[in-house]
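Examination of the molecular architecture
If you want the building blocks of each chain, they are given just below.
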Amino acid sequence: MFPHDPDHLLAAVTHAAPFDYYRRQADGPPLRFDAALDCWLATGAGVAAVLEHVDLRVRPAGQPVPAHLIGTACGALFAELARMNDGARHAAAKRKLMKQLAGVDLAGLHADTARLARDHLPGSAQQLNALIFDVPLLAVAQLLGFAPADGPRIAQWTQDVVAALPVTAERASVARAELAASALQAAFSGLRPDADASQTANLIGLLIQTCEATAALLGNSVLALRTCQGPTLAIHNTRRFAACDVQIDKVTIRQGQMVLVLLAGAGLAYGHGVHRCPGQAVAQTIVAAILPAWSEALRSLGLDWHYRPSPNARIPVFTTAGIA
Ligand code: HEM
């Protein structure tokens, strides 16, 4: 271990300089058990092998919904998401999402997003922290058919739902997410009265997937512009759970065990296999439209930064330079 290395792979996500550490991890065995984290780690060639394996699933067997969301509107939404399902249920939802996203007019999205960005210029570090979340969500809300006036509410409700998803979410944030999930469902039912529960949930899922990942890409791109260095990798890892004993690369992952899949260092920023991100072109178009629109406003901001606590997304928190 090098003196400035993160303590472990989860700490690397928000570490100041984790990329050399990731590169060295990728040079190690593709699958190894980490006793401290109590799970398997997939790095380098192990990443694609795990993401391609049909018995390594996105949720633990018998737990389609995290315990703290069972019986809630948020839980009902979660249970329908393509991102959180495997097998036939996933395939049907994913097909629809791919079709919808393949039909996106990227030039139109670029123009609409640039307009939104010009209307929401960051005048301070604090505003920038909010806008890296808000502007991509406003853009996707419009892309999905909402009127510009509906955008801010849709963006806020999405952030409320996302805040309740981690098992560490506090009760107050789960309560806020309940209202938000119901409000989003009502808003989408108004927009697309013919959509069934699964379709509605997966449209909301597009906003959920946009939220932290695109804020991370945008925030890291702002930093890359300022520092002229550093990869802009947004999502560093994902997880899989063994549905039965799985033999892979001469190791056996026992039923129920978790695999932490290190996308960082494997060159798979948008994932791989059946759950691969269908939103890559949308995300990149949004960020590419916002950066030039903000460049002048950003030049006049003196910024320091650290990273938001997160197990998988590297999202900068900007502060005014010189003020702790
Ligand atoms: C820079 C921004 C983004 C990054 C880095 C990113 C990355 C990822 C990754 C790594 C996955 C796979 C997760 C896994 O296999 O466990 C994923 C899934 C997904 N992403 Fe993205 N994403 C981004 C933006 C977006 C946007 C803007 C949308 C929608 C408009 C989107 C929609 C989705 C969906 C629906 C899934 C689930 C796909 C499935 O499970 O089949 N993403 N994303």
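Residues numbered from 1 in each chain as written. Predicted model: local features only at pLDDT ≥ 70, side-chain atom pairs only at ≥ 80, totals over all residues. Heavy atoms only, no water.

An unreviewed UniProt entry annotates the chain as Cytochrome P450 originating from Janthinobacterium psychrotolerans.

Looking now at the overall build of the chain. The helix and strand inventory of the chain stands at 11 helices and nine strands. Taken over C-alpha atoms, the radius of gyration comes to 20 Å for the chain, in line with the 20 Å a tight globule of 324 residues would show. Viewed in the frame of its principal axes, the chain has a C-alpha envelope of about 55 × 50 × 40 Å. A buried classification covers 47% of the 324 residues belonging to the chain. Summarising the internal contacts of the chain: among those between residues at least 6 apart in sequence, 66% fall at separations of at least 24. Of the roughly 15,200 Å² of accessible surface on the chain, a fraction of 56% belongs to carbon and sulfur atoms. Distance from the positive charge centre (26 side chains) to the negative charge centre (25 side chains) of the chain: 3 Å. (Helix = DSSP H or I, 4+ residues; strand = E, 2+ residues; numbered from the N terminus. Rg over C-alpha atoms; globule rule 2.2 N^0.38 Å. Buried < 20%, exposed > 50% of the residue type's maximum accessible area, 1.4 Å probe, protein only. Contact = heavy atoms within 4.5 Å. Areas by Shrake-Rupley, 256 points an atom, 1.4 Å probe, with all protein chains shown as cover. Lys, Arg positive; Asp, Glu negative; His and termini not counted. Charge placed at Lys NZ, Arg CZ, Asp CG, Glu CD.)

This part is about the site of the ligand. Near the ligand there are 26 residues, and of these His90, Lys94, Thr238, His275 and Cys277 occur at the shortest range. The side chain of Lys94 places a nitrogen or oxygen atom 2.7 Å from an oxygen atom of the ligand. Thr238 has a polar side-chain atom sitting 2.6 Å from an oxygen atom of the ligand. Looking at the shell around the ligand, the elements that each hand over two or more residues are helix 5 (87-102), helix 10 (197-227) and strand 4 (237-242). Considering each element in turn, the shell around the ligand owes the most residues, six residues, to helix 10. Partitioning the shell around the ligand into residue classes produces 14 nonpolar, eight polar and four charged. (Near = heavy atom within 4 Å. Polar contact = N/O pair within 3.5 Å; in protein donor to acceptor, adjacent residues only side chain to side chain. Nonpolar A, V, L, I, M, F, W, Y, C, P; charged D, E, K, R; others polar.)

With that settled, the discussion passes to the sheet that holds strand 3 (residues 56-57). Pairing in this open sheet of five strands is mixed, and the strands run 1-2-7-4-3 from one edge to the other. The open sheet has two free edges, formed respectively by strand 1 (31-34) and strand 3, since each of these has just one partner strand. In this sheet, strand 7 (residues 258-262) lies alongside strand 4 in antiparallel orientation, the contact comprising five bridges. Each bridged residue has a counterpart across the sheet, and for Arg239 the counterpart in strand 7 is Leu260. Contacts from helix 3 (residues 45-52) reach strand 1, strand 2 (39-42), strand 3, strand 4 and strand 7 within the one sheet, and its direction differs from that of strand 7 by about 130 degrees. (Pairing = 2+ DSSP bridges. Axes fitted to C-alpha atoms, helices over the stretch in contact; angles between N-to-C directions.)

With that settled, the discussion passes to the pattern of salt bridges. Enumeration according to the criterion identifies 10 salt bridges in this entry. The salt bridge involving Arg24 is made with Asp5; its shortest N-O contact spans 2.9 Å. Of the two residues, Arg24 sits in helix 2 (residues 19-27) while Asp5 sits in the segment before helix 1 (9-12), which places them 19 residues apart along the sequence. Residue class for Arg24 comes out partly exposed when judged on its relative accessible area of 22%. Residue Arg89 pairs with Glu80 through a salt bridge whose shortest N-O separation is 3.4 Å. Under the relative-accessibility criterion, Glu80 is labelled partly exposed at 22%. (Salt bridge = Lys/Arg side-chain N within 4 Å of Asp/Glu carboxyl O.)

Compared with an ideal rise of 1.5 Å per residue, which puts 31 residues at 45 Å, helix 10 spans 45 Å between its outermost C-alpha atoms and is within 8% of the ideal. Largest kink in helix 10: about 35 degrees, centred on Cys211. For helix 10, the buried fraction is high: 22 of the 31 residues fall into the buried class. The N-capping residue of helix 10, defined by a side-chain oxygen 3.1 Å from the backbone nitrogen of Ser198, is Asp196. (Expected span 1.5 Å × (residues − 1). Bend = angle between axes of the 7 residues up to and from the residue.)

A few words now on the coordination of the iron atom of the ligand. The protein supplies the iron atom of the ligand with one donor atom, Cys277 (SG), which lies at 2.3 Å. Note on placement: Cys277 falls in the loop between strand 7 and helix 11 (280-299). (Donors = N, O, S within 2.8 Å, 3.2 Å for Na, K, Ca; no water.)

What follows deals with unusual backbone geometry. At Asp38, a residue that is not glycine, the phi angle is positive and equals roughly 55 degrees. Taking the relative accessible area as the measure of exposure, Asp38 reaches 57% and is therefore exposed. Here the phi dihedral of Lys250 falls at roughly 65 degrees; this positive angle occurs in a residue that is not glycine. Topologically, Lys250 is positioned in the loop between strand 5 (246-248) and strand 6 (251-253).

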